[in-house]
Amino acid sequence: MRLFLLCSFTLLCTCVRAQSEIRWTVNINTDQIVQTDKRIFASLEKDVVTFLNGQTWTNDKFQEEERIEATIFLTISEEFEESNGTEVAIPNQFKATMAVQSLRPIYGTAEKTAVLNTQDKLITFTYRQGEGVQYSEQSYASDLGHVLAFYCYLIVGLDYDTFSPLGGQPYFDDAIELYNRLPTEVQNTQGWRSTSKTRNRYWLLENIQNPKMLPLRRAYYAYHRLGLDLMYNDVQAGRNNITLAIEDANTANQTYPQSMYVQSFVDAKREEIIEIYKGATGVEQNTVITAMSRVDRSKAGDYRNIRSRTSANSRRTTSRQPGRLGRQ
């Protein structure tokens, strides 16, 4: 699932090549900045890269080919206040929308599959040149640092869920600890608030941790390790397991409708599912169209494209071996 941005924008792009668990690409869009000197965002870009580059989130050692690929698209705008009847940008105060996507390799192929695909429209932060991105595992340091760390834990947790059943639990627990360290006034901001059904970071994490979502948690392993990875050797068996995973996603959606977690799953998988089932039997196609039309109601019409006979099921092969089948 591609992440779509406005066609016209100023883009600062840096690829992070650190030996952390995640190989990051960071993109900063400054088109909405109208009063602040845009040169400070070159410093911000470097500071975000340095922060992500300098962090590790697990005790496991990742081989280069095992590292998780992830992308952040950060679209920044200013916070304003009125001064003498004029809207003036508040120095060092910004808000942002952040689109986040993580990828996982598919065994035996040169292809990758999206695991997390979500957008956070509720980021507010303070940034001063020279201070860097502040983060502490013991206490609250800055909102930007904690937002970035939060998504790192989610990316790692979801990735581990694809390699072993519920394997990402330690990292979701770490995300809970991060939330619990936030001061009360920060927990009450829109991006972290638990007191309303705002689609925010709190509710995304709550959805993942909620027992009603266990069928979807387990589906991540069935879809990826028992499905996509197995299709390298046995297309039919792998696709059968993906069908079971989709049915589990439907079960979770019926138990907990309109969850952010289910929405993230379908945003990541919609196009891929359509392509996989173009080569399936009519019975399989009908099963998946029915299930995904319930899970992904706003895009239900897209799944009719499954009945097209053009298929991308033949996968380019490589000699890569699957890694992280369990925590080492």
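We now turn to the structure provided with this report. (Residues numbered from 1 in each chain as written. Predicted model: local features only at pLDDT ≥ 70, side-chain atom pairs only at ≥ 80, totals over all residues. Heavy atoms only, no water.)

As for the environment of Gly227
Piece 1. With respect to the helices, strands and loops of the structure, Gly227 is situated in helix H6 (residues 214–228).
Piece 2. Ignoring any residue separated from it by four or fewer positions in sequence, one finds Gly227 in contact with Ala222, Gly238, Asn241 and Ile242. (Helix = DSSP H or I, 4+ residues; strand = E, 2+ residues; numbered from the N terminus. Contact = heavy atoms within 4.5 Å.)

Details of the pairing of strand S5 (residues 112–126)
Piece 1. Alignment of strand S4 (residues 86–105) against S5, held across twelve bridges, turns out to be antiparallel. Bridging across to S5, Gln101 finds its partner in Asn117.
Piece 2. In this structure, the hairpin formed by S4 and S5 is closed by a connection of six residues, where Gly108 is found at a positive phi of approximately 80°. (Pairing = 2+ DSSP bridges.)

Structural notes on the nonpolar core
Piece 1. Counting 87 residues, the largest nonpolar core has Ile76 and Leu216 as the members making the most contacts within it.
Piece 2. If one sorts the elements of this core by residue count, helix H2 (residues 143–163) sits on top with 13 residues.
Piece 3. Not counting chain neighbours up to four residues away, the residues in contact with Leu216 comprise Asp248, Ala249, Ala252, Tyr261, Val262 and Phe265. (Core = buried A, V, L, I, M, F, W, Y, C linked by side-chain atoms within 4.5 Å. Buried < 20%, exposed > 50% of the residue type's maximum accessible area, 1.4 Å probe, protein only.)

Remarks on the packing of H2 against helix H5 (residues 201–209)
Packed helix pairs are characterised by how far apart their axes lie and by the angle those axes make with each other.
Piece 1. Viewed as axis vectors pointing N to C, H2 and H5 meet at an angle of 20°, and their least axial separation amounts to 12 Å. Taken together, the axis directions place H2 and H5 in an arrangement best described as roughly parallel. For the pair H2 and H5, the crossing hand works out as left-handed. In this structure, H2 contributes Asp143, Val147, Phe150, Tyr151 and Leu154 to the contact, and H5 contributes Arg201, Leu204, Leu205 and Ile208. (Axes fitted to C-alpha atoms, helices over the stretch in contact; angles between N-to-C directions. Parallel < 35°, antiparallel > 145°, perpendicular 65-115°, else oblique. Left-handed = near helix turned anticlockwise from the far one by under 90°.)

Some remarks on the pattern of salt bridges
Piece 1. Within the structure shown, the criterion is met by 14 salt bridges.
Piece 2. Residue Arg104 pairs with Asp229 through a salt bridge whose shortest N-O separation is 2.7 Å. Placement of the pair is Arg104 in strand S4 and Asp229 in the loop between H6 and helix H7 (235–255), with a sequence separation of 125 residues. An identical accessibility class is assigned to Arg104 and Asp229; each is buried.
Piece 3. Here Glu272 ties to Lys269 by a salt bridge, and the two come within 3.5 Å at their closest N and O atoms. (Salt bridge = Lys/Arg side-chain N within 4 Å of Asp/Glu carboxyl O.)

Some points on the packing of aromatic side chains
Piece 1. The full count for this structure, using the stated rule, is 16 aromatic pairs.
Piece 2. Summarising the aromatic geometry, the rings of Phe150 and Tyr151 are spaced 5.2 Å apart at their centres and angled 85° between planes, so their arrangement reads as edge-to-face. With respect to burial, Phe150 and Tyr151 carry one shared label: buried.
Piece 3. Both rings, one in Tyr179 and one in Tyr202, keep their centres 5.3 Å apart while their planes meet at 50°; by these two values the pair is tilted. Remark: Tyr202 occurs in helix H5 and Tyr179 occurs in helix H3 (residues 169–181); sequence separation between them is 23 residues.
Piece 4. In this structure, Lys212 is placed above the aromatic ring of Tyr256, and the distance from its NZ or CZ to the ring centre is 5.8 Å. (Phe/Tyr/Trp six-rings, centres within 6.5 Å; stacked < 30°, edge-to-face > 60°. Lys NZ or Arg CZ within 6 Å of the ring centre and 35° of its normal.)

Side note on H6
Piece 1. Look at H6: 20 Å from first C-alpha to last across 15 residues, which is about the 21 Å you get at 1.5 Å a residue.
Piece 2. Counting buried positions along H6 gives eleven out of 15 residues, so the element sits mostly inside the fold.
Piece 3. Every buried residue of H6 is listed here: Leu216, Arg217, Ala219, Tyr220, Tyr221, Ala222, Tyr223, His224, Arg225, Gly227 and Leu228. (Expected span 1.5 Å × (residues − 1).)

Focus: the pairing of strand S3 (residues 68–83)
Piece 1. Where strand S2 (residues 22–29) and S3 come together, eight bridges link them in parallel fashion. Looking across to S3, one finds that Arg23 is bridged to Glu69.
Piece 2. Strand direction decides the pairing type here: S3 and S4, joined by 14 bridges, are antiparallel. Each bridged residue has a counterpart across the sheet, and for Glu81 the counterpart in S4 is Val88.
Piece 3. Linking two consecutive strands that pair antiparallel, namely S3 and S4, is a turn of two residues; a positive phi of about 55° is found at Asn84 within it.

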